[in-house]
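# Observations on the three-dimensional arrangement
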Amino acid sequence: MAHGNTGTVVAAGSTVKPLHWLLKRTGEVVGGNKLSILIYHQVIEGTDPMRPDNPAADEFRWNMKLLRDYFNPISLAKAAQHLRNRDLPANSVCVTFDDGYLNNLQIAQPILETFSIPATVFVATGFCNGSNMWNDRLIDLIGNPQMTSLHLNALDMGSVKVSSWESRRKLVDKILPGLKYQEYCQREKIIDALYLENGAQEASRKMMSQDEIALLAQKGVDIGAHTVDHPILKSLHAEEQRHQIEDSKALLEKLTGFPVTGFAYPNGKPGSDYDATTVQIVKETGFEYAVSTTRGISTPNTNRFELNRFTPWDKNPGKFHVRMLRDTMEF
Ligand SMILES: [Zn+2]
């Protein structure tokens, strides 16, 4: 771990520091009232061949160091307030995590603390009793190296041979998008059936328990709501949406002892994943702001119940910084 981290940061620092300085100054000129909100999910130790996009701890560390050195990391609640008042400082950036992964507490939080970066973790509360989310269950099943042939009768796909990591990832990519838009109970039933027909064991839990959510809040990380079961809200009746939204907020407030003022729409695409009814319910439930996954920055003119976010995927500090600035300049 030390090798990757030290190597990356020293190399980046020695060769591109002037670039970062220039980008920072440019951001100061063009970046007032323009908010970048970053989305992370998991931060992992080492690498996971089935989840190559998840940043490893070393990568996340240089991401946070870069934010600390050249941006103005700010809590999302404060940033939303600044946008309302039209006095958001230049180069402001917020760090968010979706779903409530245990590695947010174990791996990401200590790094956030090292660099004094505020963050918000949006938790889907239905997974704090030891179960994993349906997408992780699917990935873990297909990524089980013990299995070279998978029975997929529950998906009407017969049996499929898998060997390389690439073939396994491709199979996930083929199955996952269709399952995502199945009704959420049905989605779980299909995954249960897949585990059953393959005689597969569940992987160890990936999500935080109730006590761990409370601990993360005690450590100063904001906890936001992300529904109970992570459904596609738009596909539910209004009353079901209300339950998903209200119940997650109520449980998180009980666990943490703090008001939960932020909400993240599962999957997060307006029109396909949530709609005006959902936004109205979020407002009525007493949230102060909500975030989508529409790519872009947010300004005082952005609806504060549909703040834009984006996933940073650049594996190089220079590109990471340039892209953040370019997003700012496009608005
Ligand atoms: Zn999510």
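Above this text you will find the structure in question.
Residues numbered from 1 in each chain as written. Predicted model: local features only at pLDDT ≥ 70, side-chain atom pairs only at ≥ 80, totals over all residues. Heavy atoms only, no water.

Okay, the overall build of the protein next. Within the protein one finds 11 helices and nine strands. Taking 2.2 N^0.38 as the reference for a compact globule, 331 residues should give roughly 20 Å; the C-alpha atoms of the protein span a radius of gyration of 20 Å, in line with that estimate. Seen along its three principal axes, the alpha-carbon backbone of the protein occupies a region of about 60 × 50 × 35 Å. Among the 331 residues that make up the protein, the fraction classed as buried is 52%. For the protein, restricting intrachain contacts to residue pairs at least 6 apart in sequence, the fraction spanning at least 24 positions comes to 72%. Taken as a whole, the protein presents about 14,700 Å² of accessible surface, with 52% of it coming from carbon and sulfur. (Helix = DSSP H or I, 4+ residues; strand = E, 2+ residues; numbered from the N terminus. Rg over C-alpha atoms; globule rule 2.2 N^0.38 Å. Buried < 20%, exposed > 50% of the residue type's maximum accessible area, 1.4 Å probe, protein only. Contact = heavy atoms within 4.5 Å. Areas by Shrake-Rupley, 256 points an atom, 1.4 Å probe, with all protein chains shown as cover.)

Turning our attention to the coordination of the zinc ion. Around the zinc ion, the protein supplies Asp 99 (OD), His 226 (NE2) and His 230 (NE2) as donor atoms, at distances of 2.1 Å. If you list the donors of the zinc ion from N- to C-terminus, the spacing comes out as D-x126-H-x3-H. Of this pair, Asp 99 sits in strand β3 (residues 92-99) while His 226 is found in the loop between β7 (222-225) and α9 (238-256), placing the two residues 127 residues apart along the sequence. For the pair shown, Asp 99 and His 226 are each scored as buried. (Donors = N, O, S within 2.8 Å, 3.2 Å for Na, K, Ca; no water.)

What follows deals with the layout of surface pockets. Picture a little ball the size of a water molecule; that probe, rolled over the atoms, points out where space is still empty. Each pocket or cavity is described by its volume, and for the largest pocket that value is around 1,200 Å³. His 41, Asp 53, Asn 54, Asn 135 and Lys 180 are, among the 40 residues lining the largest pocket, the residues nearest its centre. At the level of elements, β1 (36-40), α2 (57-70), β3, α5 (134-142) and α6 (165-180) are the ones that each hand at least two residues to the lining of the largest pocket. In terms of residues, the lining of the largest pocket owes the most to one element, α6, which gives six residues. When its residues are assigned to classes, the lining of the largest pocket shows 18 nonpolar, 10 polar and 12 charged. (1 Å grid on protein atoms, 1.4 Å probe; cavity = no way out; pocket = protein on both sides within 12 Å on 5 of 7 lines; lining within 4 Å. Points joined across faces, edges and corners; volume = space filled by probe spheres on them. Nonpolar A, V, L, I, M, F, W, Y, C, P; charged D, E, K, R; others polar.)

Right, let's get into the packing of aromatic side chains. One pass over the structure, following the stated rule, counts seven aromatic pairs. Consider the rings of Phe 263 and Phe 287, whose centres lie 5.3 Å apart with planes at 50°: the pair is tilted. One end of the pair, Phe 263, is in strand β8 (residues 262-264); the other, Phe 287, is in the loop between α10 (276-284) and β9 (289-291), and 24 residues separate them in sequence. With respect to burial, Phe 263 and Phe 287 carry one shared label: buried. (Phe/Tyr/Trp six-rings, centres within 6.5 Å; stacked < 30°, edge-to-face > 60°.)

On to the pairing of β1. Across the five residues of β1, five count as buried, placing the element largely inside the fold. Across the two faces of β1 the burial is the same, with Ser 36, Leu 38 and Tyr 40 and Ile 37 and Ile 39 all buried. Two elements, β1 and β3, share five bridges in a ladder whose sense is parallel. Within β3, the residue paired with Leu 38 across the bridge is Val 95. (Pairing = 2+ DSSP bridges.)

Attention now goes to the nonpolar core. By size, the foremost hydrophobic cluster in this structure holds 53 residues, and its most contacted members are Phe 60, Met 64, Leu 67, Val 95, Phe 97, Phe 263 and Tyr 265. Top element by residues in this core is α2. It accounts for seven residues. If you look at the next biggest cluster of nonpolar residues, it comprises 21 residues, including Leu 138, Met 147, Val 172 and Leu 194. (Core = buried A, V, L, I, M, F, W, Y, C linked by side-chain atoms within 4.5 Å.)

The next subject is α9. Along an α-helix, a turn takes 3.6 residues, which lines up residues three or four apart on a common side. For α9, spanning 19 residues, the distance from its first C-alpha to its last is 27 Å, which sits close to the expected 27 Å at 1.5 Å a residue. Looking only at α9, the buried set comprises Gln 241, Gln 244, Ile 245, Ser 248, Lys 249, Leu 252, Leu 255 and Thr 256. Down the axis of α9, the buried side of the element spans an arc of 140°, and every buried residue falls inside it. On the buried face of α9, the contacting elements are β4 (119-123), α7 (184-198), α8 (210-218), β7, β8 and α10. Two residues or fewer after α9 comes Gly 257, characterised by a positive phi angle close to 75°. (Expected span 1.5 Å × (residues − 1). Arc of directions from axis to C-beta.)

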